[in-house]
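# Coordinate analysis (summary)
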Amino acid sequence: MPIPGLFDRTIGLLEKTLDLRMQNQQAISANIANVDTPGYRAVHLEFEEGLKHALAAADSGIAPEAGAAGGDFSRVQARVVRVADPSGIGDRNGVNLDEEMIDLAENQMLYEAATQMISKKLGLLRYVIQEGK
Amino acid sequence: MDIFDSMKISSSALKAQRVRLNTISSNIANVETTRTPGGGPYRKKEVVFKSTGKIFEKHLDENLKGAVQGVEVSEIRNSQEPPKMIYDPSHPDANSEGLVAMPGINLFEEMADMMTASRAYDANVTAIKAAKRMALKALEIGR
């Protein structure tokens, strides 16, 4: 999105959110796939904090132009956290299936929310381009 | 990054769970089998799962490599449990004392295993549906 002023940094943030949520979907799928694998440690991705920091940095930053702020978000990376089985009994598998299913539903809904927001933003832009028709 | 990666991961699990279900079916079907090509009673088969990253490694993001793994069947092994000796002198495979060596299969255990496998299969189907819905939603942006 190279046209400065046409797209604000919200689009950049939403774009990165979609990207990270899709990665999170992969991690959750991997955990569900390995629900019966002995010794498997569950994978969790943490990126909410990273996005929050990037947003705060963009808010207080010297460069308010859309291009510069968008570049900030694209550098946000998900942190991979591996969780071992805390109970120490059975096959030492660290996956909690109920938790993963809830994460799956939550991740999916937030992804869809982000796509909706992008659609709405683009819709607003289209409304202006068509002079409110 | 590929939007189909997550589906590939889940489908690897579907495949593995299906192998497990087939094995359980085989155990239940052979609960009273006393003759096998290798001689002796049927031995209970056990499936061992192993996580694998090979199939998806090249598609994944740099920081997800090694972290996101699918699953595959590592081996199907014969159970080490000894055969169960049952007194049945009229059985053609009974020994001189009237004892028959039966496969040491616990039907309750097999049924519980079957339910777990079936639930795990369902969970993976749900994960595939979620991934599919997300991909379709992304295609709807700007409509």
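None of the values given here were measured: they were computed from a predicted structure.

## Re the overall build of chain B
When helices and strands are counted, chain B shows 2 helices and 4 strands. Its helices and strands taken in sequence order, chain B reads α-β-β-β-β-α from the N to the C terminus. In terms of overall dimensions, chain B has a C-alpha envelope of 80 × 30 × 20 Å along the principal axes. Counting over 143 residues, chain B shows a buried share of 34%. Nonlocal contacts in chain B, meaning residues at least 24 apart in sequence, comprise 64% of its contacts between residues at least 6 apart. For chain B, the exposed surface amounts to about 8,200 Å²; the carbon and sulfur share of it is 54%.

## Examining the packing of helix α1 (residues 5-29) of chain B against helix α2 (residues 107-139) of chain B
Residue and element names in this part refer to chain B. Following both chains from N to C, one finds α1 and α2 inclined at 160°, their axes separated by 9 Å at the closest point. With respect to α2, the axis of α1 lies roughly antiparallel. Of the two elements, α1 crosses α2, and the hand of that crossing is left-handed. A class-by-class count of the residues in the contact of α1 with α2 yields 16 nonpolar, 7 polar and 5 charged.

## With respect to the packing of aromatic side chains
Going through the model one piece at a time under the given rule, you end up with 0 aromatic pairs over all chains. Its end group placed over the ring of Tyr40 of chain A, Arg82 of chain A keeps NZ or CZ at 5.9 Å from the ring centre. Looking at Lys45 of chain B, its charged tip hangs above the ring of Tyr42 of chain B, at a distance of 4.5 Å from the centre.

## Side note on the pattern of salt bridges
Inspection of the entire model under this criterion finds 14 salt bridges over all chains. The partner of Lys44 of chain B in a salt bridge is Glu109 of chain B, with the nearest N and O atoms 2.7 Å apart. Of the two residues, Lys44 of chain B is situated in the loop between α1 and β1 (45-52) and Glu109 of chain B in helix α2; the sequence distance between them amounts to 65 residues. Note that Arg77 of chain B is salt-bridged to Glu46 of chain B, the shortest N-O span being 3.4 Å. Taken as a pair, Arg77 of chain B in strand β2 (residues 70-78) and Glu46 of chain B in strand β1 lie far apart in primary sequence, 31 residues in all. Residue classification places Arg77 of chain B among the partly exposed residues on the basis of a relative accessible area of 41%. Through salt bridges with shared partners, a single ionic network connects Asp36 of chain A together with Arg20 and Asp113 of chain B.

## What to know about the interface of chain A and chain B
Every contact between the two is made by 36 residues of chain A and, on the other side, 40 residues of chain B. Interface area, chain A with chain B, both sides summed: about 2,900 Å², of which 62% is carbon and sulfur. When the area that chain A buries against chain B is broken down by residue, the three leading residues are Met22, Gln26 and Asp36 of chain A, summing to 20%. Inspection of the region where chain A meets chain B yields 2 salt bridges.

## Here we look at the confidence of the model for chain A
Per-chain confidence: chain A averages 83 in pLDDT, with 87% of residues scoring 70 or above. Averaged over each element, pLDDT in chain A is lowest for helix α3 (residues 66-74) of chain A (53) and highest for helix α4 (residues 97-129) of chain A (93).

## Some points on the nonpolar core
The biggest cluster of nonpolar side chains holds 26 residues, and the ones touching the most others in it are Leu20, Leu45, Phe47 and Leu51 of chain A together with Val68 and Val71 of chain B. Going through the elements one at a time, α1 (9-33), β1 (42-46) and α2 (48-60) of chain A together with α1 of chain B are the ones with two or more residues in this core. Here this core takes 5 residues from α1 of chain A, the largest share from any one element.

## What to know about unusual backbone geometry
Residue and element names in this part refer to chain A. Of note in this structure, Arg92 is not a glycine but carries a positive phi near 55°. Structurally, Arg92 is set in the loop between β2 (79-83) and α4. What makes Arg92 exposed here is its relative accessible area of 53%.

## Quick notes on the environment of Ala105 of chain A
Considering the arrangement of structural elements, one finds Ala105 of chain A in helix α4. Here the alpha-carbon distance between Ala105 of chain A and Gln130 of chain A, two residues 25 residues apart in the chain, equals 37 Å.

Conventions we followed
Residues numbered from 1 in each chain as written. Chains lettered and ligands numbered in written order. Predicted model: local features only at pLDDT ≥ 70, side-chain atom pairs only at ≥ 80, totals over all residues. Heavy atoms only, no water. Helix = DSSP H or I, 4+ residues; strand = E, 2+ residues; numbered from the N terminus. Buried < 20%, exposed > 50% of the residue type's maximum accessible area, 1.4 Å probe, protein only. Contact = heavy atoms within 4.5 Å. Areas by Shrake-Rupley, 256 points an atom, 1.4 Å probe, with all protein chains shown as cover. Axes fitted to C-alpha atoms, helices over the stretch in contact; angles between N-to-C directions. Parallel < 35°, antiparallel > 145°, perpendicular 65-115°, else oblique. Left-handed = near helix turned anticlockwise from the far one by under 90°. Nonpolar A, V, L, I, M, F, W, Y, C, P; charged D, E, K, R; others polar. Phe/Tyr/Trp six-rings, centres within 6.5 Å; stacked < 30°, edge-to-face > 60°. Lys NZ or Arg CZ within 6 Å of the ring centre and 35° of its normal. Salt bridge = Lys/Arg side-chain N within 4 Å of Asp/Glu carboxyl O. Buried area = accessible area lost by both parts, 1.4 Å probe. pLDDT = per-residue confidence, 0-100. Core = buried A, V, L, I, M, F, W, Y, C linked by side-chain atoms within 4.5 Å.

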